[in-house]
Amino acid sequence: MWWMMGEAGGHYCSKKTDDICGALCSQETGRFSSFSRLCCALRGVDMKTYIFLLVIVPTCLLAGYIHGQKISYFLRPLWESPPKPFHDIPHYHHSNASMATLCKLHGWGVREFPRRVYDAVLFSNELDILSIRWRELYPYITQFVLLESNSTFTGLPKPLVFASHRDEFSFIESRLTYGSLGGRFIKGMNPFYEEAYQRVALDQLLRIAGITDDDLLLMSDVDEIPSRHTINLLRWCDEVPKILHLRLKNYLYSFEFLVDNKSWRASVHRYETGKTRYAHYRQSDEILADAGWHCSFCFRRVSEFVFKMKAYSHSDRVRFRRFLNPERVQRVICKGGDLFDMLPEEYTFKDIIGKMGPIPHSFSAVHLPSYLLENAEKYRFLLPGNCIREKE
């Protein structure tokens, strides 16, 4: 037999094979040249090397393909430093305290009359959360400004959802400035470019709504909901920072899964003509503590989860089609897991390890938006103990 284990070295090539390989190795050209090169390469290769090449290496490549994103996120503390800490402003509130007292506690003066407040949002399909948001803010908002597009950030066509449900929001019609924007549907374009394009259009819509200098402008996504007493405080107090971020309680799927208190992208601006631009990134170092709620992926229907996973700016996180399977989505929601099978986005190993695994269930429904509790039956899917979603 040509191929047999050698007694001395455990090699696959026997002496006869070595002789043949040696002869082939000596040939410069010929029809055996490719085989000769392979033979030469394999001479002296032992069993451990074969196992490494044929088992270990492919296994590592497969693991890297499947779990590469997790590995990258876990090692994030090695290649990215945490951002500069915010300056947290303590937040004081009690329903029986006077506004003069509350402003003084924050180190601010009190105004003779409140500022006007504009709430501006980009809208996709979050009808339930929009209702809760606008009901929460209704007493103190001068003008509600909403822009929607017939395209998602990823370039997928979508209906004008708000336009077709506008009659459900008749309570703010007299204070509503609505705009629609045609999508560009550019294949392969970075979704963040489309998002930025829509935010620029929102700047124009704000001018149409009549915003002027020193009005308050609330910049936040639909699911980032400031508490009404926070907005009332800021409109009555003088000398508040020109740009103030709002620290919100961070929930996922419903108010049953409290992730942390670190949501910070929502912000309030004292408007300056020609200077203020609608954005959703860090714009100052000042942040007001305990200012509301951020309820991400808080949908009534499984189909709405699937749509957002494909539509929003981080759609690249859908690495496998099975992530969009409705049964899987429902299981993940009830478990408090991650729809994209990702590790926590943190900057220290301590925080990453501390947040690994499902989010603990919370059974508290205290200090939530009042409209949500007043209409608990309608919005039961957002309250603790009600994780099952409608399929369509």
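Our structure's up above, just so we're on the same page.
Residues numbered from 1 in each chain as written. Predicted model: local features only at pLDDT ≥ 70, side-chain atom pairs only at ≥ 80, totals over all residues. Heavy atoms only, no water.

Before going further, it helps to examine the sheet that holds strand β12 (residues 267–270). The mixed open sheet is built from 8 strands, whose spatial order is β1-β13-β9-β12-β6-β3-β4-β5. Pairing within the sheet leaves two strands with one partner each, and these edge strands are β1 (87–89) and β5 (176–181). Between one strand and the next, the sheet's axes are offset by a mean angle of 25 degrees, whatever the strand orientation. Strand direction decides the pairing type here: strand β9 (residues 243–246) and β12, joined by 3 bridges, are antiparallel. Paired with His245 across the bridge in β12 is Ser267. Contacting β3 (117–123), β4 (143–149), β5 and β6 (216–219), helix α8 (residues 191–209) crosses the sheet at an angle of about 145 degrees to β4. (Pairing = 2+ DSSP bridges. Helix = DSSP H or I, 4+ residues; strand = E, 2+ residues; numbered from the N terminus. Axes fitted to C-alpha atoms, helices over the stretch in contact; angles between N-to-C directions. Contact = heavy atoms within 4.5 Å.)

Right, let's talk about the sheet that holds strand β14 (residues 292–296) for a bit. The sheet built from 4 strands is open, its strands ordered β7-β14-β10-β11 with mixed pairing. Pairing within the sheet leaves two strands with one partner each, and these edge strands are β7 (224–226) and β11 (258–263). Along the sheet, successive strands turn relative to each other by an average axial angle of 25 degrees, direction set aside. Sheet analysis places strand β10 (residues 248–252) next to β14, joined by 4 bridges and oriented parallel. Bridging across to β14, Leu252 finds its partner in Ser296. Each of β7 and β14 touches helix α6 (residues 127–137); the most contacted strand, β7, lies at about 15 degrees to it.

Our focus in this paragraph is the pairing of β12. Looking at chain direction, β6 and β12 are connected through 4 bridges and run antiparallel. From the neighbouring strand, Leu218 faces β12, where its bridge partner is Val268.

With that out of the way, let us pick up the packing of aromatic side chains. For any pair of aromatic rings, the description rests on two quantities: the centre-to-centre distance and the angle between the ring planes. A full pass over the atoms with the stated rule returns 18 aromatic pairs. Seen from their ring centres, Phe299 and Phe305 are 5.4 Å apart, and the 80 degrees between their planes marks the pair as edge-to-face. The two residues Phe299 and Phe305 agree in class, both being buried. Ring-pair connections join several aromatic residues into one group, and the members of that group are Phe123, Trp134, Tyr138, Phe144, Phe162, Phe169, Phe171 and Tyr178. Residue placement shows Arg282 over the ring face of Phe86; its charged tip is 3.8 Å from the ring centre. (Phe/Tyr/Trp six-rings, centres within 6.5 Å; stacked < 30°, edge-to-face > 60°. Buried < 20%, exposed > 50% of the residue type's maximum accessible area, 1.4 Å probe, protein only. Lys NZ or Arg CZ within 6 Å of the ring centre and 35° of its normal.)

Most of helix α10 (residues 302–311) is tucked away, with 7 of its 10 residues classed as buried. If you check which residues of α10 are buried, you get Val302, Glu304, Phe305, Val306, Lys308, Met309 and Ala311. On the buried face of α10, the contacting elements are β14 and α11 (326–335).

Further remarks concern the side chain of Glu304. For Glu304, the location among the structural elements is in helix α10. Judged by its relative accessible area of 13%, Glu304 falls in the buried class. At 3.0 Å, the side chain of Glu304 and the backbone nitrogen of Arg301 are in polar contact. In contact with Glu304, other than residues within four places in its own chain, are Asn125 and Phe299. (Polar contact = N/O pair within 3.5 Å; in protein donor to acceptor, adjacent residues only side chain to side chain.)

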